[in-house]
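# Examination of the molecular architecture
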Amino acid sequence: MNENLRGRLTRDGIRIYERDDFAGMHRAGDVAARILDRIAEHVFPGQTTEAIDARITAMVQELGATSATIGYKGYLHASCISVNHVVCHGIPGPKVLKDGDILNIDVTVIVDGWYGDTSRMYVAGALSRKSERLIEVTHDALMKGIEVVRPGNTFGDIGHAIQAYVESQRMSVVRDFCGHGLGRVFHAPPNVLHYGRPGTGAVLEEGMFFTIEPMVNLGRPETKTLADEWTAVTRDKSLSAQFEHSVGVTANGVEIFTLSPAGRFHPTYG
């Protein structure tokens, strides 16, 4: 059997992986999470995002993994680094971090053919109360989405849990980007929306692997993509935050593949 075609497909085109495949996803997710643990000390005022990316590139090689993003659709970096009002897909470059900047660092690695995809928030210097609250709400929104992952629930249940919580905090969920299936491929069905209605969408089944990665704005949800065709920003220039885990549906619930070994997934924890 072609290793990329393990398992079966649902009628929605979602691959159902085998129980043995969870181990491969844990290995890939662990490498990605370790990189994000170790990069935290390199985030500080005066640092450039290209220097952070260079460190990540070196770590990927050191850990015996392959970057999934270098060469992907022409992308040249081992990470996306999105600062302040950049929603996602920020390109590392000479930008110098200032005191109080918040940034999302997103890393995807390939280990033994399996993809580990995760992102989390970091703070350069002192954290403002406004930024702290945005980060807290975004982190908690991700975890509320993960809490409803179990067989029999739907992808609409995930989106609703995230949307309802975020909007109760008077913030907005970005609708232009979503999570995705993964496994032995980078992106695959389903699209995992971070908003929706309970009971809608495909039904969750044991063996589904996908990311949940809500992007939350302090202002309105609309985004625009810059001329580089990668960088997405908030249209109203409001701050944005994102957290991402890769997960697998188990017989009774969910396993998170990208847990932080050092307990540093949230920037104010640990």
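Now for a look at the structure at hand. (Residues numbered from 1 in each chain as written. Predicted model: local features only at pLDDT ≥ 70, side-chain atom pairs only at ≥ 80, totals over all residues. Heavy atoms only, no water.)

## What to know about the state of the cysteines
As a reminder, the rule being used: Working definition: a disulfide is two cysteine sulfur atoms within 2.5 Å of each other. Relative accessibility thresholds used throughout: buried, under 20% of the residue-type maximum; exposed, over 50%; partly exposed, between the two (1.4 Å probe, protein chains only).
Inspection of the entire model under this criterion finds zero disulfides. Looking at the unpaired Cys88, the closest cysteine sulfur is the one in Cys80, lying at 7.8 Å. Look at Cys88 and you get buried, because its relative accessible area is 5%.

## Structural notes on the layout of surface pockets
How we decide: Definitions used throughout: a 1 Å grid over protein atoms alone; a cavity as a set of points that fits a 1.4 Å probe which cannot get out; a pocket as an open set with protein on both sides within 12 Å along at least five of seven lines; a lining residue as one with an atom within 4 Å of a point. Grid points are joined across faces, edges and corners, and a volume is the space filled by probe spheres set on the points. The helix count covers DSSP runs of H or I at least four residues long, the strand count covers runs of E at least two residues long, and both are numbered beginning at the N terminus. When residues are sorted by character, Ala, Val, Leu, Ile, Met, Phe, Trp, Tyr, Cys and Pro go into the nonpolar class, Asp, Glu, Lys and Arg into the charged class, and all the rest, Gly among them, into the polar class.
Here the largest pocket is characterised by a volume of approximately 470 Å³. Of all the secondary structure elements, the ones that give two or more residues to the lining of the largest pocket are strand S6 (102-111), strand S9 (179-181) and strand S10 (188-192). Classifying every residue of the lining of the largest pocket by side-chain character gives 10 nonpolar, eight polar and five charged. Looking at the second largest pocket, its volume works out to about 230 Å³. The wall of the second largest pocket is formed by 16 residues, among which Ile81, Val86, Ile91, Lys95 and Thr231 lie closest to the centre. Among the residues forming the lining of the second largest pocket, the class breakdown is seven nonpolar, seven polar and two charged.

## Topic: the nonpolar core
How we decide: What we call a nonpolar core is a set of buried Ala, Val, Leu, Ile, Met, Phe, Trp, Tyr and Cys residues that are connected through their side-chain atoms within 4.5 Å.
With 35 residues, the main nonpolar core has Phe155, Ile158, Val166, Met208, Phe210 and Ile212 as its most contacted residues. Going through the elements one at a time, strand S7 (114-123), helix H3 (129-147), helix H4 (155-168), strand S11 (209-212) and strand S16 (245-249) are the ones with two or more residues in this core.

## A few points about helix H2 (residues 49-62)
The test is simple: Working rule for helices: expected span equals 1.5 Å times residues minus one. What the arc covers is the set of directions going from the helix axis to the C-beta atoms. Note on definitions: a residue-residue contact is assigned when non-hydrogen atoms from the two residues lie within 4.5 Å.
Along its 14 residues, H2 runs 20 Å from first to last C-alpha, staying within 8% of the 20 Å computed at 1.5 Å per residue. Residues of H2 that are buried: Thr49, Ile52, Asp53, Ile56, Met59 and Val60. Projected down its long axis, H2 carries its buried residues within an arc of 120°, all on one side. Residues of H2 that are exposed and point over 90 degrees away from its buried face: Gln61 and Glu62. Looking at the packing, one finds that the buried side of H2 touches helix H1 (21-39), strand S3 (66-67), strand S4 (80-83) and S6. Positioned one or two residues after H2, Gly64 has a phi angle of 75°, which is positive.

## Quick look at the pairing of S6
Which entries qualify depends on this criterion: Pairing between strands is defined by DSSP: at least two bridges between the two strands are required.
Where burial is concerned, most of S6 is hidden: nine out of the 10 residues are buried. As defined by bridge partners, S3 adjoins S6 across two bridges and the pair is classed as antiparallel. Looking at S6, one finds that Thr66 is bridged to Ile110. The pairing of S4 with S6 spans four bridges and is antiparallel. Counted as the bridge partner of Ile81 is Ile105 from S6.

## Remarks on the environment of Gln163
Considering the arrangement of structural elements, one finds Gln163 in helix H4. Residues Gln163 and Val216, spaced 53 residues apart in sequence, show a C-alpha to C-alpha distance of 9.5 Å. Excluding residues that lie within four positions of it along the chain, Gln163 makes contacts with Val173, Arg175, His194, Tyr195 and Gly196.

## Overview of unusual backbone geometry
In this structure, the amide linkage connecting Pro189 to the following residue, Pro190, adopts the cis form with an omega of 5°. Within the chain, Asn84 stands out as a residue other than glycine whose phi angle is a positive 60°. As for its position among the elements, Asn84 is in the loop between S4 and strand S5 (86-88). Overall, Asn84 belongs to the buried group, its relative accessible area being 17%. Positive phi outside glycine occurs at Glu229, with the angle close to 70°. Structurally, Glu229 can be placed in the loop between strand S13 (223-225) and strand S14 (232-234).

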